[in-house]
Amino acid sequence: MTVHFYFARKFLWILMGITALLFMIMALVDLMEQLRRFDVEKVGFDTVLQLTLLRTPEGIYELLPLIVILATVALFINLSRTSELVVVRASGRSAIISVISPMIVALLLGLLAIGSLNPIVAATSALYGIKTEKLLASGRSALSLEGEGIWLRQGNADGQAVIHAARTNPDATYFQNVSIVVYTPGSGPVRRIEALSAKLIDGAWELTAAKEWPLEPGLNAEANATTHELLIVESSLTPDRIRDRFGNPSAISIWDLPQFINELQIAGFSARRHLVWLHMELAQPLFLVAMVMIASAFTMRHTRFGNTGTAVLVTILIGFSLYFVRNFAQILGENGQIPVLLAAWAPPVASILLASGILLHMEDG
């Protein structure tokens, strides 16, 4: 157990070091991007730095498999150079047993990523989107799903509008039982519209069988109400923006994702992308374990044998290949070409089986 704890502690320190290094590099790169995107004189450098710190965790989270494979390579190369691995194996401990502690650390890291890092990244990503939208537009467009339908909010320099619809189609172009309340800057609601259906076209809502009430103070709203067979209302929303907002599962905490998927289906949207993302997050610990096994299979030998650079290169290439296959399976699952469970769980399980075969071959010859 002492050796296991020693390997685990060393692996954890290397993981933390690589993560910190990549965080600084990604933060600097993203800072340059934010400085190019926003005018510092208008928004201030502190705002740009805040946006950078909000966006960087998402990038680190996506690179977890790469971080794990690099940490494993660094661990076993260091153990080989100091001859610690030779001593451990000479004592009768097999290579597969020596990998157990890094595998457990990777598994715990994956569970921590699901339970804690995922909600943190979802919160920072959502906050980054809100702040960016406020800076890039004079108004803010927002969307939400509730059990009774879909809620949207659009805004521009002239005011904002809150929109509610009972259902919509998967393309987010047609809405049923629509209600719109229009607000002007610095005051309350000024107009209310209810329609049997609405079609979202470029830059406008096309309302069918609509009734409009003016909400000005001292005015009888019902007496001054008007009906329209077809009414056009300006909109800053587009179908693509609605689908993109609902189609970004990484901005939703994994703890809230099942309920969101249910509400998405009730509102009429396709939840397949979110289902695939949910299962891929649940399968991530297994994929991280596979990365440890792959990296250890090619680096658990003494450096005096040579070809260390080749072994590291092969390890990274195999790791990137498995990562690519995993992302490709995700795309196939989101497009409905393969089942959701197969898209999410087949790549990590296949990676573990492949790594086990390589480890056994390296151990027994």
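What you are looking at is a predicted structure, and each value in this text was computed from that prediction instead of being measured.

Engineer: An account of the pairing of strand E5 (residues 189–201) is requested, with residue identities and associated values reported.
Structural biologist: Sheet topology note: the strand E4 (residues 174–183)/E5 ladder contains nine bridges and is antiparallel. Bridging across to E5, Gln 176 finds its partner in Ser 197. Here E5 runs beside strand E6 (residues 204–214); their pairing, made up of 10 bridges, is antiparallel. Paired with Ile 201 across the bridge in E6 is Ala 204. Count of turn residues in the E5/E6 antiparallel hairpin: two residues, of which Gly 203 carries a positive phi of about 75°.

Engineer: Break down helix H4 (residues 64–81) for me, with residues and values.
Structural biologist: The end-to-end C-alpha distance of H4, which contains 18 residues, comes to 26 Å, matching closely the 26 Å that a straight helix rising 1.5 Å per residue would cover. In terms of residue burial, H4 counts as a mostly covered element, since 13 of its 18 residues are buried. Positive backbone phi, at 65°, marks Ser 83, one or two positions downstream of H4.

Engineer: Hey, could you go over unusual backbone geometry for me, with residue numbers and the actual values?
Structural biologist: Of note, the phi angle at Asn 177 is positive, near 50°, even though the residue is not glycine. Among the secondary structure elements, Asn 177 is positioned in strand E4. Given a relative accessible area of 43%, Asn 177 falls into the partly exposed group. The backbone of Ala 209 shows a phi angle near 55°, a positive value even though the residue is not glycine.

Engineer: How would you sum up the packing of H4 against helix H11 (residues 308–334)? Please name residues and give values.
Structural biologist: Two elements in contact, H4 and H11, have axes separated by 10 Å at closest approach and are oriented at 160°. Judged by the inter-axis angle, H4 sits roughly antiparallel to H11. The handedness of the crossing between H4 and H11 is right-handed. On H11, the residues that touch Pro 65, Leu 66, Ile 69, Leu 70, Val 73 and Ile 77 of H4 are Thr 308, Val 312, Thr 315, Ile 316, Gly 319, Phe 320 and Tyr 323. In terms of residue class, the contact of H4 with H11 is made up of 10 nonpolar, three polar and no charged.

Engineer: Give a detailed account of the environment of Leu 196, specifying residues and quantitative values.
Structural biologist: Tracing the backbone shows Leu 196 in strand E5. Expressed as a C-alpha distance, the spacing of Leu 196 and Asn 177, which sit 19 residues apart in the sequence, is 4.7 Å. Residue contacts for Leu 196: discarding those within four places in its chain leaves Phe 175, Gln 176, Asn 177, Thr 208 and Ala 209.

Engineer: Describe the pattern of salt bridges, listing the residues and the values that go with them.
Structural biologist: By the definition in use, this model includes six salt bridges. Of the charged contacts in the structure, one is a salt bridge between Asp 30 and Arg 55, with a shortest N-O distance of 3.2 Å. Residue Asp 30 is located in helix H1 (residues 2–37), and its partner Arg 55 is located in helix H3 (residues 45–62); the two are separated by 25 residues in the primary sequence. Judged by its relative accessible area of 33%, Arg 55 is partly exposed. Residues Arg 192 and Glu 194 are paired through a salt bridge, measuring 2.0 Å at the closest nitrogen-oxygen approach. The class of Arg 192 is partly exposed, set by a relative accessible area of 34%.

Engineer: Which residues make up the nonpolar core, and what values go with them?
Structural biologist: Phe 11, Leu 15, Val 68 and Phe 76 are the most contacted members of the largest nonpolar core, which has 44 residues in total. Taken together, the elements giving at least two residues each to this core come down to H1, H3, H4, helix H5 (84–90), helix H7 (100–136), helix H10 (272–299), H11 and helix H12 (340–364). In contact with Val 68, other than residues within four places in its own chain, are Phe 11, Leu 15, Ala 106, Leu 109, Leu 288, Met 291 and Val 292.

Engineer: Tell me about the environment of Thr 238, and please be specific about residues and values.
Structural biologist: Topologically, Thr 238 is positioned in the loop between strand E7 (226–234) and helix H8 (239–246). Thr 238 gets classed as partly exposed once you look at its relative accessible area, which sits at 28%. For Thr 238 and Leu 200, which are 38 residues apart along the polypeptide, the C-alpha to C-alpha distance reads 7.0 Å.

Engineer: Explain the pairing of E6 to me, and be specific about the residues and the numbers.
Structural biologist: As judged from the eight bridges shared by E6 and E7, these two strands associate in the antiparallel manner. By the bridge assignment, Ala 204 is partnered in E7 with Glu 234.

Engineer: Lay out a nonpolar patch on the surface in plain terms, naming residues and giving numbers.
Structural biologist: A cluster of nonpolar side chains, contributed by Leu 21, Phe 23, Met 24, Ile 25, Val 29, Phe 45, Leu 49 and Leu 53, occupies part of the molecular surface with about 730 Å² of accessible area. Among the elements of the structure, H1 and H3 are those that each provide at least two residues to the nonpolar patch. Examining the composition of the nonpolar patch, we find that five residues originate from one element, H1, more than from any other. With respect to the helices and strands, the residue Leu 53 is situated in helix H3. Among the residues examined, Leu 53 registers a relative accessible area of 44% and is labelled partly exposed.

Engineer: So what's going on with the packing of aromatic side chains? Which residues, and what values?
Structural biologist: Two descriptors summarise a pair of aromatic rings, namely the distance from one centre to the other and the angle between the planes of the rings. Applying the stated rule across the entire model yields three aromatic pairs. Ring geometry for Phe 324 versus Phe 328: centroids 6.2 Å apart, planes at 15°, classification stacked. Residue Phe 324 and its partner Phe 328 are both found in helix H11; the two are separated by four residues, about one turn of the helix. Stacked on the ring of Trp 213, the Lys or Arg Arg 192 has its end atom at 5.1 Å from the ring centre. Of note, Arg 326 hangs over the ring of Phe 287, and the distance from its end group to the ring centre comes to 4.8 Å.

Rules used throughout
- Residues numbered from 1 in each chain as written.
- Predicted model: local features only at pLDDT ≥ 70, side-chain atom pairs only at ≥ 80, totals over all residues.
- Heavy atoms only, no water.
- Pairing = 2+ DSSP bridges.
- Helix = DSSP H or I, 4+ residues; strand = E, 2+ residues; numbered from the N terminus.
- Expected span 1.5 Å × (residues − 1).
- Buried < 20%, exposed > 50% of the residue type's maximum accessible area, 1.4 Å probe, protein only.
- Axes fitted to C-alpha atoms, helices over the stretch in contact; angles between N-to-C directions.
- Parallel < 35°, antiparallel > 145°, perpendicular 65-115°, else oblique.
- Left-handed = near helix turned anticlockwise from the far one by under 90°.
- Contact = heavy atoms within 4.5 Å.
- Nonpolar A, V, L, I, M, F, W, Y, C, P; charged D, E, K, R; others polar.
- Salt bridge = Lys/Arg side-chain N within 4 Å of Asp/Glu carboxyl O.
- Core = buried A, V, L, I, M, F, W, Y, C linked by side-chain atoms within 4.5 Å.
- Patch = residues over 30% accessible without salt bridge, like charges linked within 9 Å, V, L, I, M, F, W, Y side chains within 5 Å.
- Areas by Shrake-Rupley, 256 points an atom, 1.4 Å probe, with all protein chains shown as cover.
- Phe/Tyr/Trp six-rings, centres within 6.5 Å; stacked < 30°, edge-to-face > 60°.
- Lys NZ or Arg CZ within 6 Å of the ring centre and 35° of its normal.

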